[in-house]
Amino acid sequence: MGKHLALIFLLVASVAAMANPAAAAEKNMVFASPYGITTLDPSVSYSTELTYMANIYETLIRVNPPGSKERFSYLLATGFNASENGLKYTFNLRKGVKFHDGTPFTAEAVKYSIERTTGLGKGAAFIWGDLASIDIVDDYTVTFVMKQAVPLPLIAASAYASYILSPSMKDKDTAWFDQGHACGTGPYMLKNYKDGESWMLAKFDDYWGGWKGPHVENVLVKYTKEALIQLQMLQSGQAAMVGRIPLDSYPAVKSGKDTTVVYGPSYQNYMAFFNTTRPPLDNVKVRKALAHAIPYKDIIDIGFNGMATQARGPVPKGQFGYSEKVVQYNYDIGKAKKLLAEAGYPNGGFNLTLTYAAENPQEARFAPLIQSEFKKIGIDVEIKALVWTSQWSQAKADPKNAQDIFLLLWWPTYSDPYETLFSLLHDEGDKPAWNLAYYKNPAYDELIRQAYETTGSQPEKALELYVNAQNLIQADCPVAWLVDIVGNWPASKRLKGLAINPAYPNVPFFYDMHLE
Amino acid sequence: MSLVPFLSRRLIGLAVMLVALSALVFFFSRSIPGDVAAMYIGGMAKPEQIERARQELGLDQPLTLQYVKYMKKLLSGDLGISLRTHRPVFQDLLEKIPMSMEVVLWAIALAMVLGIGFGGLAALRQGTWIDEGIKWLSSAAVSIPIFFLALLLQLIFFNLLGWFPLQGRIDTFLEFSNPLELVTGFSLIDSLLTGNHAAFFNVAWHMVLPVLSLIAYPLGLITRLTRSSLLEVMSQDYILAARASGIRESVLFFRYGLRNALSPVLTVVGLSVALTLLATFYVEIIFNWPGIGYYALTAILSLDYPVLMGVTLMIGTVYVVANTSMDILRRIVDPRIK
Amino acid sequence: MSDLDFKQLAEKAAADHRRHRRYLLRLVFKKRAALAAAAILSLMVLAAVFAPWIAPYPDQGKGEVNLADRLQPASFNHYLGTDVYGRDMLSRIIYGSRISIFGGLIIVVAAALIGVPLGLLAGYREGIPGAIITRVVELVLSFPAVLLAMGISIVAGAGFATAVIALIIPWWPWYTRLVQGEVISIKHMLYVEAAGMLGYGRVYILFRHLLPNILTPVIVMMLLDFGPAIISIGLLSFLGLGTQPPQADWGLMVWEGAPNILNQWWIAVVPGCAMFILVTAFNLFGDRLKEVLSIDSNQ
């Protein structure tokens with residue numbers, strides 16, 4: 001028996017040695033990813049598969065991270081100009097671009113792709129809601145005609161619903177894509193798709209950007225949900241980058257011999273909706289008291305291990321619409337007590353229920369901190385972890401019987417504050433969807449619509465309107481804005497070029513990376 | 001009763017049971033307060049889209065009608081579309097069942113062989129330290145929570161000793177050079193069929209810790225049962241009589257004792273298959289094994305009801321099939337059962 | 001015979017019974033393993049009952065966070081270290097034992113309370129009621145128990161109460177099946193049939209003759225089920241479908257501690273071991289009791 005074991009050992013060791021030539025390793029990398037694939041249809045995709053879609057497909061233009069010199073990077077378009085009234089945008093397209101199957105990229109592909117998306121009407125197709133028509137001027141010029149003046153370049157650069165796919169896929173449906181097929185113009189092709197296990201992003205030889213200079217050529221995505229396993233894969237060198245690791249292990253990975261953490265801004269934020277339809281949270285003073293009693297610093301330190309900043313309002317720092325002029329609520333337990341007393345609850349003395357999504361480990365981690373702090377002002381919080389769809393449908397069903405506090409993680413579909421401000425707080429009548437504070441304020445609804453329509457022509461004025469709108473909200477305090485998340489990728493020190501672009505949540509652009 | 005009517009009766013029973021099960025799961029999972037249509041869209045779904053998806057999925061129809069439609073499709077092998085992955089559930093199950101069954105079957109087979117061996121040894125050496133030791137170990141084996149055992153094994157054998165791999169079915173570097181191809185879904189068989197020897201040994205190596213985690217409970221159970229069952233059989237009058245008539249002890253033990261003692265043991269083996277399949281839920285999370293347990297658990301936690309239906313029906317079927325086949329085995333082994 | 005004689009006889013019988021019970025107990029404790037198991041069990045039960053007085057930090061045991069002392073290894077202030085929120089692990093373990101022991105007790109007792117009467121009925125009236133009960137039992141048993149419990153927990157909202165109920169539902173049929181078998185085998189014994197012929201009512205026979213005879217196997221089964229019940233609660237909690245934070249629950253504690261297992265191993269390992277020890281103790285004790293009782297019934 002012992003002999004056999006030894007023999008197997010030897011065999012495994014020698015096979016491993018043969019199969020792992022060190023020279024090839026530089027161009028290949030392993031990414032242990034917690035981001036699953038819900039669909040591979042680029043017109044429909046509106047979820048975590050974005051991590052891969054943005055490497056397989058391309059948009060006309062891409063929004064650069066805040067602080068860049070240029071607002072946009074030009075991918076499939078080389079430039080654009082807007083008409084005077086902001087209703088027509090004309091894009092010049094890049095020449096000599098090929099899709100993965102060899103089909104040349106032309107204006108027809110743009111028209112086909114966007115019309116396919118709007119035609120299917122799924123996923124994030126709603127961002128094209130104000131589109132009137134797409135007119136092909138010539139093979140490399142295309143004009144978008146809009147019904148209203150909306151910031152079209154941002155929509156065309158959206159992380160969802162704006163990808164260009166090959167017109168040669170005309171007869172293929174979503175089910176075909178979901179079997180592991182793709183056909184974009186991006187630097188990587190999808191290969192060896194094993195749903196729920198692993199898939200390969202393999203070099204597309206004819207990529208228009210070329211392969212000169214250092215680039216990662218093949219990325220094996222190993223789908224790995226548990227943070228603990230991702231940590232061990234990173235530390236043992238089995239993965240060059242991972243999606244998330246246990247919170248308390250960040251310091252060790254950051255200062256590790258072979259490992260590091262890459263940080264960057266993100267447009268993702270956490271918030272707590274207060275149920276404004278029934279006592280005691282229908283009283284604005286109670287809501288303000290709670291906003292002052294939230295331990296923002298503890299949430300940041302322990303809930304996020306420092307990888308977050310206190311939120312100011314609904315718009316995260318760095319995104320258009322953010323301003324220091326928006327009033328912020330800070331932790332102040334004395335003020336909280338005073339406000340409670342003014343509201344007629346001198347020693348608290350009431351109970352609240354708080355729901356969060358059971359799938360979200362982050363919320364599980366910071367919810368007890370809020371509970372423990374509210375106890376200090378005499379408020380007992382019952383925490384309920386519900387599966388997301390349950391949490392959400394209970395909140396939507398009947399506000400009068402719904403939770404008191406609803407924790408939510410939010411991110412914008414594209415880089416404009418309107419969608420966030422509209423979805424989270426506009427009056428949804430008796431059918432709430434995302435406004436889970438059940439807040440109603442016609443003046444606010446009017447302000448944000450005005451701001452949206454002036455964004456293209458007068459950005460300064462739009463910003464002012466957005467600030468005023470946000471301050472209307474802060475005065476009523478229907479939502480406590482908790483934290484803006486700091487994006488991060490734990491990675492090997494040998495991996496260079498890994499950066500975070502908050503407009504594309506959780507997307508590592510592999511083409512910009514290489515292994516040293 | 002001969003085998004054919006016995007089997008046909010069991011088969012009819014199976015069909016009735018599965019219909020009852022399916023109805024139970026359907027109405028049960030649909031009574032869950034969750035917005036199925038919203039989940040189908042994913043992301044920050046907007047109200048109008050949800051309404052459209054609701055119509056597309058037929059969720060606006062009465063529940064009973066939905067059930068009838070579901071059953072009609074079921075008969076043609078269509079289990080619907082997963083709300084989360086948007087792929088046909090039947091296809092997903094076909095891909096993932098073998099990956100789990102591979103581990104489960106190894107665990108059960110080893111547990112059966114080792115369990116009967118240890119149990120027999122303990123009974124033979126009743127009252128000695130061997131017996132005591134086996135008793136303690138088997139008690140411990142059924143007492144350790146599976147998730148804790150799996151975590152411990154990983155901590156010890158990967159982190160401290162580095163003897164076994166951490167996760168998955170195959171080392172990632174082999175995915176570049178010798179990727180596994182899908183033939184039957186059983187990775188060991190597939191790698192042999194495609195002549196991928198590197199993958200074969202690698203996969204075998206990856207299976208050790210998951211199998212070890214899964215083996216504990218059935219092994220403990222079978223050991224204990226074999227021991228007590230054997231002791232009971234060996235004190236029966238006919239054994240005593242046989243012994244008095246001078247039949248050799250070893251013949252007595254193996255020919256009469258063990259054989260007759262196996263009947264209750266086989267019942268437990270049948271039960272263990274379904275139990276072990278459920279235990280894979282935990283083992284597969286911890287070892288990142290892309291099998292049915294992982295798949296089902298994600299479905300449970302996201303209320304993906306078409307998948308839940310599929311998985312429940314599958315486990316129900318495995319349960320009944322395992323029990324039936326063990327019943328047949330018992331009839332072969334134990335002539336007393338008629 | 002006079003009334004006095006009857007009384008004396010009854011007293012003597014009762015005394016014999018008591019003596020026999022004492023003898024059985026002595027027999028159980030003759031094995032050191034059973035003695036050790038019983039000692040551990042009583043310690044844990046005592047700790048669970050008197051948790052507020054025994055736990056060094058009762059508030060932390062109940063869930064109060066203590067951020068100043070996060071992730072500390074064992075020390076004289078915290079004998080078993082502290083967890084992610086700086087709570088004293090020993091206090092958490094002691095409070096957690098309440099969930100495990102109490103939960104296990106409810107599941108086992110409730111399962112027996114539902115299962116035994118149905119089993120009596122099914123065994124005693126083998127006709128239509130028996131057939132119906134048998135079918136229901138088979139249906140429930142063919143349903144994967146943990147999956148069922150997970151489903152119920154999700155439908156009703158995760159929590160300790162739902163987890164316990166969710167486990168009782170697939171648990172009771174085992175008792176029905178056991179009792180049904182026992183009743184059928186006892187029913188045809190002479191003295192029961194004689195009682196029937198003497199005109200005693202069914203209910204009387206059921207309670208006077210059948211129930212006492214099946215009590216022993218039921219109690220043994222309950223004891224042996226304690227361990228699996230405790231583990232099942234842990235299985236649900238581990239997935240977040242059982243007890244909710246900040247309550248202490250061993251399964252949940254393992255889950256919460258798992259991400260830190262490489263650096264602060266005690267957060268997951270201590271509650272895991274606690275569960276392992278408690279369940280082993282129940283199993284060893286239950287095994288021994290079964291052994292003694294089966295020796296007794298053979299004599």
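This structure is a prediction, so every number in the text was calculated from the model and none was measured. (Residues numbered from 1 in each chain as written. Chains lettered and ligands numbered in written order. Predicted model: local features only at pLDDT ≥ 70, side-chain atom pairs only at ≥ 80, totals over all residues. Heavy atoms only, no water.)

Description of the interface of chain B and chain A
For step 1, the next point in the chain: With 57 residues of chain B at the interface, the matching set in chain A holds 59 residues.
For step 2, the next point in the chain: Roughly 4800 Å² is buried in total at the junction of chain B and chain A, and carbon and sulfur atoms are behind 59% of that figure.
For step 3, the next point in the chain: Our count for the contact surface shared by chain B and chain A stands at five salt bridges.
For step 4, the next point in the chain: A salt bridge links E197(A) to R169(B); the nearest nitrogen and oxygen atoms lie 2.7 Å apart.
For step 5, the next point in the chain: Our count for the chain B to chain A interface comes out at 14 residue pairs in polar contact (both at pLDDT 80 or more). (Contact = heavy atoms within 4.5 Å. Buried area = accessible area lost by both parts, 1.4 Å probe. Salt bridge = Lys/Arg side-chain N within 4 Å of Asp/Glu carboxyl O. Polar contact = N/O pair within 3.5 Å; in protein donor to acceptor, adjacent residues only side chain to side chain.)

Topic: the interface of chain A and chain C
For step 1, the next point in the chain: Of the residues lining the interface, 22 residues belong to chain A; the matching set on chain C comes to 19 residues.
For step 2, the next point in the chain: Around 1600 Å² of area is buried between chain A and chain C when both sides are counted, 63% of it from carbon and sulfur atoms.
For step 3, the next point in the chain: The largest per-residue losses of area from chain A upon contact with chain C belong to L228(A), D248(A) and I302(A), which jointly make up 29% of the total buried on that side.
For step 4, the next point in the chain: At the surface where chain A touches chain C, the tally comes to one salt bridge.
For step 5, the next point in the chain: R70(C) is paired through a salt bridge with D248(A); the nearest N and O atoms lie 3.0 Å apart.
For step 6, the next point in the chain: Those elements that place two or more of their residues in the side of chain A that touches chain C are helix 6 (227–235), helix 9 (296–303), helix 11 (361–376) and strand 15 (379–386) of chain A.
For step 7, the next point in the chain: Broken down by element, the residue count for the side of chain A that touches chain C peaks at seven residues, all from helix 11 of chain A. (Helix = DSSP H or I, 4+ residues; strand = E, 2+ residues; numbered from the N terminus.)

Re the sheet that holds strand 4 (residues 77–82) of chain A
All names here are of chain A.
For step 1, the next point in the chain: Spatial strand order, 4-5-7-6: four strands in an open sheet with antiparallel pairing. Across the chains shown, the open sheet's two edge strands, defined by having one partner strand only, are strand 4 and strand 6 (131–138). Looking at each pair of strands side by side, their axes are set apart by 20° on average, direction ignored.
For step 2, the next point in the chain: Both strand 6 and strand 7 (residues 141–146) contribute to a ladder of six bridges, which runs antiparallel. Paired with L131 across the bridge in strand 7 is M146. (Pairing = 2+ DSSP bridges. Axes fitted to C-alpha atoms, helices over the stretch in contact; angles between N-to-C directions.)

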